[in-house]
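Given next are the chains, with one letter for each unit.
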Amino acid sequence: MNLKITGAEALIKALICEGVDRVFGYPGGAIIPVYDRLYDYSDKVRHILTRHEQGAIHAAQGYARATGRTGVVIATSGPGATNLITGLSDAMMDSTPLVVITGQVSAKFLGSDAFQETDVVGITQPITKWALQIRRPEDLTAAIAKAFYIARSGRPGPVVLDIAKDAQIGTTDWRYRPCTFIRSYDPVPETSADSLQHAADIINSAQRPMIISGHGVMIANAEEWLRQLAEKADIPVASTLLGLSTMPSSHPLFKGMLGMHGNIGPNVNTNRCDVLIAIGMRFDDRVTGDTATYAPQAKIIHIDIDPSEFNKNIRATVTVNGDAATVLQQLIPMVNETTHDGWAESFDKYNRIERERIINDEIHPASDRKMTMAEVINLVSEAAGNDAILVTDVGQNQMMSARYFRFSSPRSIITSGGLGTMGFGIPAAIGAKMGCPDRTVCLFCGDGGFQMTMQELGTIMENGTAVKIIILNNSYLGNVRQWQQLFYNNRYSSTPLLNPDFTAIAGAYGIQSEKVSSRHTLASAIDRMMAHDGPFLLDVDIDSAGNVFPMTPAMAPVDHIMLTPDEMLDING
């Protein structure tokens, strides 16, 4: 005889069957039956009550990105569901596996503009891998199984299940079968042997090869295979923003980050290499600049699990469709062990230029100069042994953190890449620390982005989540201010900020904090922050005129690089 239970209880039991031990959410009227049953399973599934639904979904993203597991979010109908939209878009852009559960009004009220009714499926279909409304309790467990399979398989992403109240309170026979196959859905295609051989032949004939390591390497846990390929064939490696930490910062073949504010060597040599091997990346416009002038001299090998990315932005010589770890394991034996004398060293010339013209002055500024973002980030990275999880908000703090924080272990950067979501930082750091409690989590925020979700300090307070928060406080929306300076004749329209006392706010939440206004007290304050067992907020006054350089202007060639507001790199000098 089958056990009859409510749909709400079936949902909770199904989550447990999928290995879920933590969910992030915010209750409301249309999801009360689920929360009522969750009360009985609190010893098996811990609910993290955030202070806003956006905080819940960003926290689930941080948890998923740090652990590689699927993040779970629960919210109510109407405004509860619509408050998740930014996080869904963010997770879709950055391939983050989420199962998002929203309550919905009873089926008989659908389409009547009932209180807190919203067409959740209609809104979310364009920004999810799958969205489904469930109206009957007997459909619940199969939908849950399918949702987890879709969210985490192939190229990961968010899935939404919109559950009408009828399905929550009605009863159904309890049974659960994990989903392992969906007809017409082929998440991990079989890699073509011909494409692998073609790729290997191109690599073996290369004189100046270069690898771009993207987020797909991290998603596939392919870091070891990336290292083996690079070392066997003596190939320099650069990464996208989300590909950082797929190779240790200290590895001699790792040459830095690509993109608008990336390192000079990788950007210049993109247009000098003869073979470009792109792994798990989508040729975003922040990486390519002007696509018409992007690596025209190179044979391009594009490895990706999602065939829709092939030839979308940059035409490839050969495309290899498959999971990055599987493809690299198959490719490595086919690639010759070789060296490319002088090629790896060619990056060093530009590294010296960047260090002499930019990095040294940023990390060790003159004594009469105000504190810089780079010197703060560099000191925090060193204090953390260059092995913390870096979480950032979006803006100058994000670009400077990516440039000056260093990585020793995989899965060590969590940032909003594709969507560029301000307010991402605090909740994502909460999720990352909860997912990896034994690792140090350092969050860098600007004063603008911090204020977008600073209510989540309440979540930190309630759970004692020991994140280290560093506000790079320049009293501006710094990234927009930089563009206004460089491209809009110094017209600082709506970018100066009048800020509150952030340490007083931290104190109101019982969070230890310090204000740093002098370089002489910076290092000791960082030491106190790192030594503190619980959460800590460091509010650091930063030079309000500081900019992020080098910089490739939007849609310019990747080797068209600004060193200062008035000076371009001479690539022939």
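Below or above, wherever it landed, is the structure these notes cover. (Residues numbered from 1 in each chain as written. Predicted model: local features only at pLDDT ≥ 70, side-chain atom pairs only at ≥ 80, totals over all residues. Heavy atoms only, no water.)

Once that is clear, we can look at the overall build of the chain. The secondary structure content of the chain amounts to 23 helices and 22 strands. Radius of gyration (C-alpha) of the chain: 24 Å, near the 25 Å computed for a compact globule of 573 residues. Seen through its principal axes, the chain has C-alpha atoms that stretch 80 × 60 × 40 Å. In the chain, which comprises 573 residues, the proportion classed as buried is 60%. The long-range fraction of contacts in the chain, counting pairs at least 24 apart against all pairs at least 6 apart in sequence, stands at 76%. Entry remark: accessible area of the chain is about 22,100 Å², with carbon and sulfur atoms responsible for 49%. In the chain, 47 side chains carry a positive charge and 61 a negative one; their mean positions are 3 Å apart. (Helix = DSSP H or I, 4+ residues; strand = E, 2+ residues; numbered from the N terminus. Rg over C-alpha atoms; globule rule 2.2 N^0.38 Å. Buried < 20%, exposed > 50% of the residue type's maximum accessible area, 1.4 Å probe, protein only. Contact = heavy atoms within 4.5 Å. Areas by Shrake-Rupley, 256 points an atom, 1.4 Å probe, with all protein chains shown as cover. Lys, Arg positive; Asp, Glu negative; His and termini not counted. Charge placed at Lys NZ, Arg CZ, Asp CG, Glu CD.)

Let us now look at the packing of aromatic side chains. Counted under the stated rule, the structure contains 10 aromatic pairs. On the numbers, 5.8 Å between centres and 90° between planes, the contact of Tyr149 with Tyr185 is edge-to-face. Residue Tyr149 is located in helix α7 (residues 140-152), and its partner Tyr185 is located in the loop between β8 (171-173) and α9 (193-204); the two are separated by 36 residues in the primary sequence. The buried category is assigned to Tyr149, whose relative accessible area is 13%. (Phe/Tyr/Trp six-rings, centres within 6.5 Å; stacked < 30°, edge-to-face > 60°.)

The next subject is the environment of His58. Mapped onto the secondary structure, His58 falls in helix α3 (residues 53-67). On the accessibility criterion, His58 (0% relative accessible area) is buried. As for His58 and Pro126, which are separated by 68 residues in sequence, their C-alpha atoms are 19 Å apart. Among residues more than four places away in sequence, those in contact with His58 are Thr86, Gly87, Thr421, Gly423, Phe424, Pro427 and Ala428.

This next bit is on the packing of α3 against helix α18 (residues 425-435). Taken N-terminus to C-terminus, the directions of α3 and α18 make an angle of 45°; their axes are 6 Å apart at the nearest point. One way to sum up the angle between α3 and α18 is to call them oblique. Note that α3 runs across α18; the crossing there is right-handed. For the pair formed by α3 and α18, the contact residues are Gly55, His58, Ala59, Gly62, Tyr63, Ala66 and Thr67 on the first element and Pro427, Ala428, Gly431, Ala432, Met434 and Gly435 on the second. Of the residues belonging to the contact of α3 with α18, the class tally is seven nonpolar, six polar and no charged. (Axes fitted to C-alpha atoms, helices over the stretch in contact; angles between N-to-C directions. Parallel < 35°, antiparallel > 145°, perpendicular 65-115°, else oblique. Left-handed = near helix turned anticlockwise from the far one by under 90°. Nonpolar A, V, L, I, M, F, W, Y, C, P; charged D, E, K, R; others polar.)

What follows is about the side chain of Thr76. Among the structural elements, Thr76 can be located in the loop between β4 (71-75) and α4 (79-82). Classification of Thr76 as buried rests on a relative accessible area of 5%. Within the local environment of Thr76, its side chain forms a polar contact with the backbone nitrogen of Ala30, the two atoms lying 3.1 Å apart. Filtering out sequence-adjacent residues up to four positions away, Thr76 remains in contact with Tyr26, Pro27, Gly28, Gly29, Ala30, Ile31, Ala81, Thr102 and Gly103. (Polar contact = N/O pair within 3.5 Å; in protein donor to acceptor, adjacent residues only side chain to side chain.)

Another aspect to go through is the pattern of salt bridges. One pass over the full model with this rule turns up 28 salt bridges. Lys312 serves as the salt-bridge partner of Glu309, at 2.9 Å between the closest nitrogen and oxygen. Glu309 sits in the buried class, given a relative accessible area of 5%. Residues Glu514 and Arg528 are paired through a salt bridge, measuring 2.7 Å at the closest nitrogen-oxygen approach. Taken together, the residues span a long stretch of sequence, with Glu514 in strand β19 (residues 512-516) and Arg528 in helix α23 (residues 522-531) at a distance of 14 residues. Classification of Arg528 as partly exposed rests on a relative accessible area of 41%. Linked through salt bridges whose partners overlap, the residues forming this network are Arg155, Asp306, Glu309 and Lys312. (Salt bridge = Lys/Arg side-chain N within 4 Å of Asp/Glu carboxyl O.)

With that settled, consider α7. An ideal rise of 1.5 Å per residue puts 18 Å on 13 residues; α7 measures up with 19 Å between its terminal C-alpha atoms. In terms of burial, α7 is a largely internal element, 10 of the 13 residues being buried. All buried positions along α7 are accounted for by Leu140, Thr141, Ala143, Ile144, Ala145, Ala147, Phe148, Tyr149, Ile150 and Ala151. The secondary structure elements touched by the buried residues of α7 are α1 (7-17), β4, β5 (98-104), β6 (130-134), β7 (158-164) and α8 (165-169). (Expected span 1.5 Å × (residues − 1).)

Moving on, we get to the sheet that holds β5. Strand order in the open sheet formed by six strands is β3-β2-β4-β5-β7-β6, and the pairing between neighbours is parallel. Each edge of the open sheet carries a strand with a single partner, namely β3 (46-49) and β6. Sheet twist, expressed as the mean angle between neighbouring strand axes with direction ignored, is 20°. The sheet contact formed by strand β2 (residues 22-25) and β3 spans four bridges and is parallel. Its bridge partner being in β3, Val23 is matched across the sheet by His47. (Pairing = 2+ DSSP bridges.)

With that out of the way, let us pick up the sheet that holds strand β9 (residues 209-213). Ordered by their spatial adjacency, six strands build an open sheet running β11-β10-β9-β12-β13-β14, and the pairing between neighbours is parallel. Two strands in the sheet have a free side with no partner beyond their single neighbour: β11 (254-257) and β14 (318-321). Neighbouring strand axes in the sheet, compared pairwise and without regard to direction, differ in orientation by 20° on average. Bridge count for strand β12 (residues 275-279) against strand β13 (residues 299-304) is five bridges, and the pairing is parallel. When the bridges of β13 are listed, Val275 appears paired with Lys299. Along the sheet, α9 contacts β12, β13 and β14; its crossing angle with β14, the most-contacted strand, is approximately 130°. Sitting on the sheet, helix α14 (residues 324-331) is in contact with β12, β13 and β14, with an inclination near 130° to β13.

Before going further, it helps to examine the pairing of β9. Across the five residues of β9, five count as buried, placing the element largely inside the fold. Going residue by residue along β9, you find Pro209, Ile211 and Ser213 tucked away on one face and Met210 and Ile212 tucked away on the opposite face as well. Here five bridges tie β9 to β12, and the two strands are oriented parallel to one another. For Ile211, the partnering residue across the bridge sits in β12 and is Ile277.

It is worth spelling out the packing of α3 against helix α5 (residues 85-93) at this point. Interhelical geometry of α3 versus α5 gives an angle of 20° and a closest axis separation of 8 Å. Taken together, the axes of α3 and α5 are roughly parallel relative to one another. The handedness of the crossing between α3 and α5 comes out as right-handed. Between α3, through Gln54, Ile57, His58 and Gln61, and α5, the contact on the second element is made entirely by Thr86, Gly87, Leu88, Asp90 and Ala91. Of the residues in the contact of α3 with α5, the class split is three nonpolar, five polar and one charged.

Cis peptide bonds are those with omega within 30 degrees of zero, and the linkage from Phe549 to Pro550 qualifies with 0°. With a phi close to 80°, Ser184 is a non-glycine residue in the positive phi region. With respect to the helices and strands, the residue Ser184 is situated in the loop between β8 and α9. Unlike most non-glycine residues, Asp234 shows phi in positive territory, near 55°.

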